[in-house]
Amino acid sequence: MADPLEAPDGLLGAVRDAVGPEHCLVDPDLKAPYEVDWTRRFSGRALFVARPADTAGVAAVLAACSRYRAPVVAQGGNTGLVGGSVPRRGEAVLSLARLNRVLSCDPDEGLLVAEAGTPLGVAQAAARRVDVELGIDIAARDSATLGGMVATNAGGIHVVRYGPMRSRLAGIEVVLADGTVASRLSGLVKDNVGYDLAQIVAGSEGTLGVVTKVVLRLVRVPQYRVVALVGLRGGDHGDGDPGAGVYAVSAVAVALATRLRRQVDAIDALELVFADGMSLVREVLGLPPPPDPGADAWLLVEASGGQDPSALLAAAIEDAAGVTEVAVADEAGGRARLWAYRERHTEAIATLGVPHKLDVTLPMRALAQFAGKVRSEVGAALGPAGPDTRIILFGHIGDGNLHVNMIGPDADDHRADDAVFRMVLQRGGSISAEHGVGVAKLDFVTAARSAGDLTVMRKIKAALDPDGILNPGVLLPPE
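*Asks:* Sorry if this is basic, but what is going on with the sheet that holds strand β17 (residues 390–396) here?
*Replies:* To summarise the sheet geometry, strands pair through backbone hydrogen bonds and adopt either a parallel or an antiparallel arrangement. The 7 strands are arranged β15-β12-β14-β13-β17-β18-β16 in an open sheet whose pairing can be described as antiparallel. If you trace the sheet from one side to the other, it starts and ends with β15 (323–329) and β16 (356–361), each paired once. Strand-to-strand twist in this sheet, taken as the mean axis angle between neighbours without regard to direction, amounts to 15°. Lying over the sheet, helix α14 (residues 364–382) contacts β16, β17 and β18 (401–407), oriented at roughly 160° with respect to β17. The sheet strands contacting helix α15 (residues 415–426) are β16 and β18, and the helix crosses β16 at an angle near 5°.

*Asks:* Can you walk me through the pairing of strand β14 (residues 297–305) in this structure?
*Replies:* It is a general feature of regular strands that their side chains alternate between the two faces of the sheet. Burial analysis of β14 places 9 of its 9 residues in the buried class, which makes it a mostly covered element. Residues A297, L299, V301, A303 and G305 point to one face of β14 and W298, L300, E302 and S304 to the other, with burial holding for every one of them. Two elements, strand β12 (residues 224–232) and β14, share 9 bridges in a ladder whose sense is antiparallel. In the sheet register, V230 faces β14, and the bridge partner there is L299.

*Asks:* Explain the environment of L442 to me, please; I cannot follow it from the model alone.
*Replies:* Following the sequence through the fold, L442 ends up in the loop between α15 and α16 (445–448). Judged by its relative accessible area of 13%, L442 is buried. Taking the C-alpha atoms as reference points, L442 and G473, separated by 31 residues in sequence, lie 8.3 Å from one another. Excluding residues within four positions of it along the chain, L442 makes contact with V437, G473, V474, L475, L476 and P477.

*Asks:* Is there a simple way to think about the sheet that holds strand β4 (residues 92–95) in this case?
*Replies:* Strand order in the open sheet made by the 4 strands is β1-β2-β4-β3, with mixed pairing throughout. Looking at the sheet topology across the chains shown, the edges are occupied by β1 (24–25) and β3 (72–75). With 2 bridges connecting them, strand β2 (residues 49–50) and β4 associate as parallel partners. Paired with V49 across the strands is V93, a residue of β4. The sheet contacts of helix α3 (residues 55–67) involve β2, β3 and β4, and relative to β4 the element is tilted by about 165°.

*Asks:* What's the story with the packing of helix α9 (residues 242–263) against helix α11 (residues 310–318) in this structure? I'm lost.
*Replies:* In a pair of packed helices, the angle between the axes and the distance between the axes together describe the arrangement. Look at α9 against α11: their axes get within 10 Å of each other, and the N-to-C directions meet at 145°. Relative to α11, the crossing made by α9 is right-handed. Judged by residue contacts, L256, R259, L260 and Q263 of α9 engage L312, L313, A315, A316 and I317 from α11. Grouping the amino acids of the contact of α9 with α11 by side-chain chemistry returns 7 nonpolar, 1 polar and 1 charged.

*Asks:* Even after reading the chapter, I still don't get a nonpolar patch on the surface, so can you show me in this structure?
*Replies:* Judged by side-chain polarity, Y195, I200, V456 and I460 come together as a nonpolar surface patch covering roughly 410 Å² of accessible area. Considering the arrangement of structural elements, one finds I460 in helix α17 (residues 451–464).

*Asks:* Explain the packing of α14 against α15 to me, please; I cannot follow it from the model alone.
*Replies:* Orientation of α14 relative to α15, taken along the N-to-C sense of each, is 140°, at an axis distance of 9 Å. The angle between α14 and α15 places the two elements in the oblique class. Viewed along their axes, α14 and α15 form a crossing whose handedness is right-handed. Across the interface between the two elements, F370, K373, V374, E377, V378, A381 and L382 of α14 pack against R415, A416, A419, V420, M423 and V424 of α15. Among the residues making up the contact of α14 with α15, the classes are represented as 10 nonpolar, no polar and 3 charged.

Reading the values: rules and limits
- Residues numbered from 1 in each chain as written.
- Predicted model: local features only at pLDDT ≥ 70, side-chain atom pairs only at ≥ 80, totals over all residues.
- Heavy atoms only, no water.
- Pairing = 2+ DSSP bridges.
- Helix = DSSP H or I, 4+ residues; strand = E, 2+ residues; numbered from the N terminus.
- Axes fitted to C-alpha atoms, helices over the stretch in contact; angles between N-to-C directions.
- Contact = heavy atoms within 4.5 Å.
- Buried < 20%, exposed > 50% of the residue type's maximum accessible area, 1.4 Å probe, protein only.
- Left-handed = near helix turned anticlockwise from the far one by under 90°.
- Nonpolar A, V, L, I, M, F, W, Y, C, P; charged D, E, K, R; others polar.
- Patch = residues over 30% accessible without salt bridge, like charges linked within 9 Å, V, L, I, M, F, W, Y side chains within 5 Å.
- Areas by Shrake-Rupley, 256 points an atom, 1.4 Å probe, with all protein chains shown as cover.
- Salt bridge = Lys/Arg side-chain N within 4 Å of Asp/Glu carboxyl O.
- Parallel < 35°, antiparallel > 145°, perpendicular 65-115°, else oblique.

Here's what the structure looks like:
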């Protein structure tokens, strides 16, 4: 099949020499899986797809692209949700899928070293084999890669205890736009020689360099781990305003989450799901009834430590306002069954169509009000199309992060997204909690960051990628 995108022969020759002809893809059918993101909202044509096997191959591909001024998009597991890891205007795709090895996992040093294309689940399994853990987890663990998680500063379910990917990062190897390899992999806790490359690259979304190796801090496996799924009700709202009901139960959830963090030392996760999301997950996946099937929402709590946290959890939950029924599990199978109500939301939502997936952070004092008003604000923004839009909320309430999933608007209709982002900024929140900015949120970056912040970001970008070939059009809005 002919492809209207044609790379210069010299560029293709150099890339084929670097990765091998079978790993330089130019056929449209072979490129297709790399050209659309997980949400199916964002896609484009790739000039070619290069699949190097090691850091030297990545460096050679980038050096060739730099010589020909060919823009490049780095791609890991392609689980991105904001259009930041797929081509948009004929860029080359640099796939890290073959850089997929765990190089070492040392429980005495407390460090794991792995290549950037290693799926999180593979790294987790390597850590478990020597009785340690990574301290970070996300539902897409079997497909999301470590390099992509660094690039977006991924968060996940254990941020409330261990922080996002940036907090787990102890070292990095990154290839710059011209093929220069910068490597700092010692993992030393105290190493204050100059700038911290890992912290600069984390969250840069592939605009400063391509991550090829990471060093992650490990944590010990706790002796005890307990999960509780807590049914919540927000009270009677006879006025028929669904937003009032969502506000009320969200306020109950925020109050309980705050109480748990104060009274229980070892909280790992605090996750909130609402009745509509719970119904969808059960319908699509055939899950059994949760505690109090008629509840307005559920708070999923995980705690762990050297001592059994069950008594502390029970004491904190027992007389809390709005609590109805509670299910508790302390063995692996039972914990997994309770987690399924939360973790399988994304899978269930995908069956409804192509979603607008927004991930935002609110101050805890503003979270309930936002949750209660988001449906009416989106409806007003969409006008006649508003009633046909389905909105499902869930998220990491322990750190103020809600995922707003909207099914109904066309992929290129940004009115609903814009309404949500305006609400967030008005309440002192962030338009990007853990998924990155990509292209989906580009128009709101100037409102989310000061002029001084943007100046610094642009100067860093210009210093490390002077020709602007790395992931153009992502993260930084045009001046």
